[in-house]
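This is what each chain is made of:
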Amino acid sequence: MSEKTTNHGTIAGVLLAPQADGTVTREVGELQWRDGRFRDVNATTAAPQLLIVPGFVDLHVHWPQGHVRGAFSGQLLPWLRDCIWPAEAGFGDALEATTRAHAFAKALLRAGTTTAMTFGPPYLSASLQAGLKLFAYDGPALMEVNAPEDMCTPASEVLNEIAAMSDAVITN
């Protein structure tokens, strides 16, 4: 008995369409293939050129810093003290953490990033509330010294938080 092989099909996904003004629009579309070759692209709008790429992977991104992106200047510790830590301090609030996480996720997806190794704020509850587990690997940042006292956590406690977070992700 011979095996039956499929020589045609459709692949659905997101198509990136570069625009004349330099922006890129995302649209849902389909690639149709036959005999090992792409034969047609069905998109919601007619674009002269479509860029078809797999989702990008970001291997190091701090999602709580997304809303202050581009604010770097000077030396690392003064920048952390003056810009990043005040920006991350609000992530102890579940509503702010969730709102910022959703905005961050939308920004990643708009850029074509579908998977990320994320570093969260130093609050386990913020990482759990964020809901990034669908496409990201997240955990609270470890800060033991040179940071505001309420943002410092002993390494042993952070390791326990990460273990608890892993259990929560696996069971949900």
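Residues numbered from 1 in each chain as written. Predicted model: local features only at pLDDT ≥ 70, side-chain atom pairs only at ≥ 80, totals over all residues. Heavy atoms only, no water.

Looking now at the overall build of the protein. For the protein, the count of helices and strands is four helices and six strands. Reading the secondary structure of the protein in the N-to-C direction produces β-β-β-β-α-α-β-α-β-α. If you take every contact in the protein between residues at least 6 apart in sequence, the share linking residues at least 24 apart comes to 48%. (Helix = DSSP H or I, 4+ residues; strand = E, 2+ residues; numbered from the N terminus. Contact = heavy atoms within 4.5 Å.)

Right, let's talk about helix 1 (residues 76-89) for a bit. The largest bend in helix 1 is about 35 degrees, located at Cys83, with the proline Pro86 one to four residues further on. Restricting attention to buried positions, one finds in helix 1 the residues Trp79, Leu80, Cys83, Ile84, Trp85, Ala87 and Glu88. Elements in contact with the buried residues of helix 1: helix 2 (94-110). (Bend = angle between axes of the 7 residues up to and from the residue. Buried < 20%, exposed > 50% of the residue type's maximum accessible area, 1.4 Å probe, protein only.)

Quick look at the nonpolar core now. Across soluble globular proteins, you tend to see nonpolar side chains buried next to one another. Trp63, Ile84, Trp85 and Phe91 are the most contacted members of the largest nonpolar core, which totals 20 residues. No other element matches helix 1, which puts six residues into this core. Aside from chain neighbours lying at most four places away, what touches Trp85 is Leu77, Leu80, Met143, Asn146, Ala147, Pro148 and Met151. (Core = buried A, V, L, I, M, F, W, Y, C linked by side-chain atoms within 4.5 Å.)

Inspection of the entire model under this criterion finds two salt bridges. With a shortest N-O distance of 3.3 Å, Asp82 and Arg81 are connected by a salt bridge. Note that Glu96 and Arg100 form a salt bridge whose closest N and O atoms lie 3.8 Å from each other. In this pair, Glu96 and Arg100 are both assigned in helix 2, four residues apart and thus about one turn of the helix distant. Residue class for Glu96 comes out partly exposed when judged on its relative accessible area of 25%. Relative accessible area serves as the criterion here: at 33%, Arg100 is assigned to the partly exposed category. (Salt bridge = Lys/Arg side-chain N within 4 Å of Asp/Glu carboxyl O.)

Moving on: a nonpolar patch on the surface. A cluster of nonpolar side chains, namely Val57, Leu59 and Met117, defines an oily patch on the protein surface of about 310 Å² accessible area. Positionally, Val57 belongs in strand 4 (residues 56-62). (Patch = residues over 30% accessible without salt bridge, like charges linked within 9 Å, V, L, I, M, F, W, Y side chains within 5 Å. Areas by Shrake-Rupley, 256 points an atom, 1.4 Å probe, with all protein chains shown as cover.)

So, on to the side chain of Thr153. Along the chain, the position of Thr153 falls in the loop between strand 6 (136-137) and helix 4 (155-171). Those residues in contact with Thr153 that sit more than four places away from it in its chain are Pro122, Leu142, Met143, Glu144 and Val158.

Among the surface-exposed residues, Arg26, Arg69, Lys106 and Arg110 lie close enough to one another that they form a single positively charged patch. On the secondary structure map, Arg110 appears in helix 2. (Lys, Arg positive; Asp, Glu negative; His and termini not counted. Charge placed at Lys NZ, Arg CZ, Asp CG, Glu CD.)

Moving on, we come to the confidence of the model for the protein. Averaged over all residues, the pLDDT of the protein is 77; the fraction at 70 or higher stands at 80%. Looking at the elements of the protein, mean pLDDT is at its lowest for strand 6, recorded as 60, and at its highest for helix 1, recorded as 88. (pLDDT = per-residue confidence, 0-100.)

Scanning all chains against the criterion turns up one aromatic pair. Ring centres of Trp63 and Phe91 lie 5.3 Å apart, and the angle between their planes is 75 degrees; this geometry places the pair in the edge-to-face category. With Trp63 in the loop between strand 4 and helix 1 and Phe91 in the loop between helix 1 and helix 2, this pair connects stretches of sequence that are 28 residues apart. Judged by its relative accessible area of 1%, Trp63 is buried. On the basis of relative accessible area, Phe91 is assigned to the buried category, the value being 0%. (Phe/Tyr/Trp six-rings, centres within 6.5 Å; stacked < 30°, edge-to-face > 60°.)

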